[in-house]
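The primary structure of each chain is shown beneath.
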Amino acid sequence: MNTVKTLRELRAVIAQARADGKQIGFVPTMGNLHAGHVSLVETAAQRADFVVASIFVNPLQFGAGEDLDTYPRTLLADQEKLLAAGCHLLFHPDVTEVYPHGMGDQTRVSVPGVSEGLCGASRPGHFEGVATVVTKLFNMVQPDLAVFGEKDYQQLAVIRALVQDLNMPIQIIGAPTRRADDGLALSSRNGYLSAEQRNVAPALYRGLQAVAEQLQRGARDYARLIDEAQARQREAGFAPDYLEIRNALTLRPAQVDDRHLVVLTAAHLGSTRLIDNLLVELPAQ
Ligand code: PAF
């Protein structure tokens, strides 16, 4: 597996892969890779002949006071994992390669609708930063397909919308969330948790499962379900950010007759912000 840092090198390697008739699969990441990322790369390797991954901690998607400076950088371990998962090329640019003129005057991509509310409300500017860097990375790599984790459910919806709205000929594949044995969704930010917090953290997923069970049993008073679930989060030691029940396809607030639902949550455990979601398919009425 080659690692390249410049756009010029990236384009040269990809031009050769294209000339060899290869389909290009792409997995953008911010590094500090875990089994969830590995499964994205494996999915790309099953569907494409030539797999490109990127590691770029994108300053544009971090707000003031967020963890841009402390976000773990673990390049050597990441390279080993990528190689083992079937990656052919790693793009690992510096900030100046991606934003050569700085970020102030950088053209931005904003995706209305699905970016609003949920993490979009708690992290102003976050999805504009994600949509902008993903658009740039797509234009740099020009993949046939790209794989993103369903753990960042709203991010996946934002990327699906931008690809559709901007007519990008890229197939977007969502890959299921990978979990630890106790249910905690794998995340680079789990590494911030103390041993005690790590024991508490799986309660976030159990809370989503409890809401899903109540929905399956016919509960439709969404406001009450949400209040009770957030009360349980507080009891477990979380500071809830949001917990919402949305239409899984549109991400609009769920209506009582919606069948495809997603329960999404974000909550703080100490200084660590965790997110998770759970799809709920209700039987047709
Ligand atoms: O999900 C991530 O790691 C990032 O948001 C992404 C998609 C790589 C854009 O920086």
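As annotated in an unreviewed UniProt entry, the protein chain is Pantothenate synthetase from Ectopseudomonas khazarica. Per UniProt, the protein chain has the following entry under Catalytic activity (unreviewed entry): "(R)-pantoate + beta-alanine + ATP = (R)-pantothenate + AMP + diphosphate + H(+)". Taken from UniProt, the Sequence similarities (unreviewed entry) comment for the protein chain reads in full: "Belongs to the pantothenate synthetase family."

Chemist: Mind showing me how you'd approach the nonpolar core here?
Modeler: The tendency in soluble globular proteins is for nonpolar side chains to be buried side by side. By size, the foremost hydrophobic cluster in this structure holds 48 residues, and its most contacted members are Leu10, Val52, Phe138, Phe148, Ile159, Ile172 and Leu251. Only α1 (7–19), β2 (24–29), β3 (50–55), β4 (89–91), α6 (126–141), β5 (145–149), α7 (153–165) and β8 (260–269) provide two or more residues apiece to this core. Ranked by residues supplied to this core, first place goes to α6 with 9 residues. Beyond its immediate stretch of four places on either side in the chain, leucine 251 contacts Val114, Leu118, Tyr153, Gln154, Ala157, Arg246, Val262 and Leu264. In this structure, Ala229, Ala254, Leu261 and Val263 belong to the second largest nonpolar core, which totals 18 residues.

Chemist: I'm lost on the side chain of glutamine 61 in this one. Help?
Modeler: Looking at where glutamine 61 falls in the secondary structure, it is placed in the loop between β3 and α3 (75–85). The contact partners of glutamine 61, leaving out residues within four places of it in the chain, are Met30, Glu66, Arg123, His126, Gly129, Val130 and Val133.

Chemist: Just to check I follow, could you spell out the pairing of strand β9 (residues 272–281) for this structure?
Modeler: Each regular strand carries side chains that alternate between the two faces of the sheet. Burial runs high along β9: 8 of the 10 residues are buried. As defined by bridge partners, β8 adjoins β9 across 10 bridges and the pair is classed as antiparallel. Residue alanine 266 lies in a different strand from β9, and its bridge partner there is isoleucine 275.

Chemist: What am I meant to see in the site of the ligand here?
Modeler: Around the ligand, the structure places Pro28, Thr29, Met30, Gln61, Val130, Val133, Phe148 and Gln155. Contact between the ligand and glutamine 155: an oxygen atom at 2.7 Å from a side-chain N or O atom of the residue. Protein chains shield 89% of the accessible area of the ligand, which is 290 Å² for the free molecule.

Chemist: Looking at this structure, how should I read the packing of α6 against α7?
Modeler: For any two helices packed against each other, one specifies the inter-axial angle together with the distance between the axes. Relative to each other, α6 and α7 sit at 50°, their axes nearing to 10 Å. Relative to α7, the element α6 is oriented oblique. The element α6 and its partner α7 pack so that their crossing is right-handed. Packed against α6, whose contacting residues are Phe127, Val130, Ala131, Val134, Thr135 and Phe138, the element α7 presents Gln154, Gln155, Val158, Ile159, Leu162 and Val163 at the interface. Per-class residue counts for the contact of α6 with α7 are 9 nonpolar, 3 polar and no charged.

Chemist: Would you explain the pattern of salt bridges in this entry?
Modeler: Side chains that carry opposite charge are capable of pairing whenever their charged atoms lie near each other. Tallied over the full model, the rule gives 11 salt bridges. The salt bridge partner of glutamate 66 is arginine 123, with a shortest N-O separation of 2.7 Å. With glutamate 66 in the loop between β3 and α3 and arginine 123 in the loop between α5 (119–122) and α6, this pair connects stretches of sequence that are 57 residues apart. Here glutamate 66 falls in the partly exposed class, since its relative accessible area comes to 29%. On the basis of relative accessible area, arginine 123 is assigned to the buried category, the value being 10%. Where salt bridges share partners, they join Asp221, Arg224 and Glu228 into one cluster.

Reading guide: rules and limits
- Residues numbered from 1 in each chain as written.
- Predicted model: local features only at pLDDT ≥ 70, side-chain atom pairs only at ≥ 80, totals over all residues.
- Heavy atoms only, no water.
- UniProt positions renumbered as here; feature names shortened; annotations may be inferred.
- Core = buried A, V, L, I, M, F, W, Y, C linked by side-chain atoms within 4.5 Å.
- Buried < 20%, exposed > 50% of the residue type's maximum accessible area, 1.4 Å probe, protein only.
- Helix = DSSP H or I, 4+ residues; strand = E, 2+ residues; numbered from the N terminus.
- Contact = heavy atoms within 4.5 Å.
- Pairing = 2+ DSSP bridges.
- Near = heavy atom within 4 Å.
- Polar contact = N/O pair within 3.5 Å; in protein donor to acceptor, adjacent residues only side chain to side chain.
- Areas by Shrake-Rupley, 256 points an atom, 1.4 Å probe, with all protein chains shown as cover.
- Axes fitted to C-alpha atoms, helices over the stretch in contact; angles between N-to-C directions.
- Parallel < 35°, antiparallel > 145°, perpendicular 65-115°, else oblique.
- Left-handed = near helix turned anticlockwise from the far one by under 90°.
- Nonpolar A, V, L, I, M, F, W, Y, C, P; charged D, E, K, R; others polar.
- Salt bridge = Lys/Arg side-chain N within 4 Å of Asp/Glu carboxyl O.

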